[in-house]
Amino acid sequence: MQSIEKFYPNILQYKLENVLFEVKGLLSNLPSLNDEVLFKIEFILEEFITNSFSHLDLSHNCVDIRIKLHLKEFEIEYEEIGVDDLNFAQILLRGQEKNLNPSLEQPGGLGLNLIQQISKKIEYSYNKNTRTRCFKVQFL
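Below is a short write-up of the structure. (Residues numbered from 1 in each chain as written. Predicted model: local features only at pLDDT ≥ 70, side-chain atom pairs only at ≥ 80, totals over all residues. Heavy atoms only, no water.)

Describing the pairing of strand β2 (residues 64-70)
Residues in a regular strand project their side chains so that they alternate between the two faces of the sheet. Basically, it comes down to this: Exposure categories follow from relative accessible area, calculated using a 1.4 Å probe and restricted to protein chains: below 20% of the type maximum is buried, above 50% is exposed, and the middle band is partly exposed. Secondary structure is summarised from DSSP: a helix means a run of H or I of at least four residues, a strand means a run of E of at least two, and numbering begins at the N terminus for each. We treat two strands as partners when DSSP finds at least two bridges between them.
Buried residues dominate β2, accounting for six of its seven residues. The pairing of strand β1 (residues 3-8) with β2 spans six bridges and is antiparallel. Looking at the pairing, serine 3 lines up with histidine 70 of β2. Where β2 lies against strand β3 (residues 75-81), seven bridges are found, and the strand directions are antiparallel.

Here's what the structure looks like:
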């Protein structure tokens, strides 16, 4: 199995715990990965999923989530469909500031900053026609 893809239409209909449990179940079926790689994959996906549940205004949007894991390329694609654009660079900067000073009151950024720290590369793109945010993370 070289890749996994999971799609959650209208994420509001799911519970966070159930999505995390299902994703961890999918990961447990992967071919033998060492513990460090498995930890990185689980951590990155848990951060993205938790951020989706925590920061999206799910009461006003029908937001879909798509997760793609490409083992051959050591890459994760995480898409939020039906959302507005965000200032990715500003959020990463805010996360770095919060990492240095945890008492900062501004919300957001810490999870993406942690993903950036344990990853080889993280990219963000936005498609305004489909209103889709795409995060691509190379974890090795």
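Additional details are given in the paragraphs that follow.
Overview of the pattern of salt bridges
Opposite charge on two side chains permits them to pair, given that their charged atoms come into close proximity. The test is simple: Should a side-chain nitrogen of Lys or Arg be within 4 Å of a carboxyl oxygen of Asp or Glu, the pair is scored as a salt bridge.
This model, assessed by the stated rule, comprises eight salt bridges. For lysine 40, the salt bridge goes to glutamate 36, with nearest N and O atoms at 3.8 Å. Note that lysine 40 and glutamate 36 are positioned in helix α2 (residues 35-55) at a spacing of four residues, about one turn of the helix. With a shortest N-O distance of 2.9 Å, aspartate 84 and arginine 131 are connected by a salt bridge. You can see aspartate 84 sitting in the loop between β3 and α3 (88-100) and its partner arginine 131 sitting in the loop between β4 (121-127) and β5 (132-138), a full 47 residues away along the chain. For arginine 131, a relative accessible area of 30% translates into the label partly exposed. Taken together, the shared-partner salt bridges in this structure form one network comprising Glu5, Arg66 and Glu79.

A few points about helix α1 (residues 16-28)
So the rule is basically this: To estimate how far a helix should extend, the number of its residues minus one is multiplied by 1.5 Å. Taking the helix axis as origin, the arc is that swept by the directions to the C-beta atoms. Residues count as neighbours in contact if any of their non-hydrogen atoms are within 4.5 Å of one another.
For α1, spanning 13 residues, the distance from its first C-alpha to its last is 18 Å, which sits close to the expected 18 Å at 1.5 Å a residue. By the burial criterion, the buried members of α1 are Val19, Leu20, Val23 and Leu27. Along α1, the residues classed as buried sweep out an arc of 95° about the axis, all on the same side. With respect to the buried face of α1, the exposed residues turned more than 90 degrees away are Glu17, Phe21 and Ser28. Residues of α1 that are buried in the fold lie against β1, α2 and β2.

Notes on the nonpolar core
As a reminder of what qualifies: Side-chain atoms within 4.5 Å are what join buried Ala, Val, Leu, Ile, Met, Phe, Trp, Tyr and Cys residues into a set we call a nonpolar core.
Core analysis: the biggest nonpolar cluster contains 32 residues, and Val23, Ile41, Phe48, Ile67, Leu69 and Leu112 have the highest contact counts within it. Breaking this core down by element, the ones donating at least two residues are β1, α1, α2, β2, β3, α3, α4 (110-118) and β5. A total of six residues in this core trace back to one element, the largest contributor, which is α2. Setting aside chain neighbours within four positions, we find isoleucine 41 in contact with Leu27, Leu33, Leu69, Leu71, Ile76 and Phe139.

Focus on the packing of aromatic side chains
We apply this condition: Here is the rule: rings of Phe, Tyr and Trp (six-membered ring for Trp) pair when centre to centre is within 6.5 Å. Planes less than 30 degrees apart are stacked, more than 60 are edge-to-face, and the remainder are tilted. Throughout this description, the term charge over a ring refers to an Arg CZ or Lys NZ atom that lies within 6 Å of the ring centre and within 35 degrees of the ring normal.
Under the criterion given, the structure shown has six aromatic pairs. An angle of 25° between the planes, with centres 5.9 Å apart, marks the rings of phenylalanine 39 and phenylalanine 43 as stacked. Placement of the pair is phenylalanine 39 and phenylalanine 43 together in helix α2, with a separation of four residues, close to one helical turn. Measuring from ring centre to ring centre gives 5.0 Å for phenylalanine 48 and phenylalanine 135, while their planes differ by 40°; the resulting arrangement is tilted. Highlighted residues: phenylalanine 48 in helix α2 and phenylalanine 135 in strand β5, separated in sequence by 87 residues. Here the two residues phenylalanine 48 and phenylalanine 135 agree in accessibility, since each one is buried. Ring pairs connect the aromatic residues Phe48, Tyr78, Tyr124 and Phe135, which therefore count as one cluster. The ring of tyrosine 8 has lysine 6 sitting right over it, with the charged end atom 5.3 Å from the ring centre.

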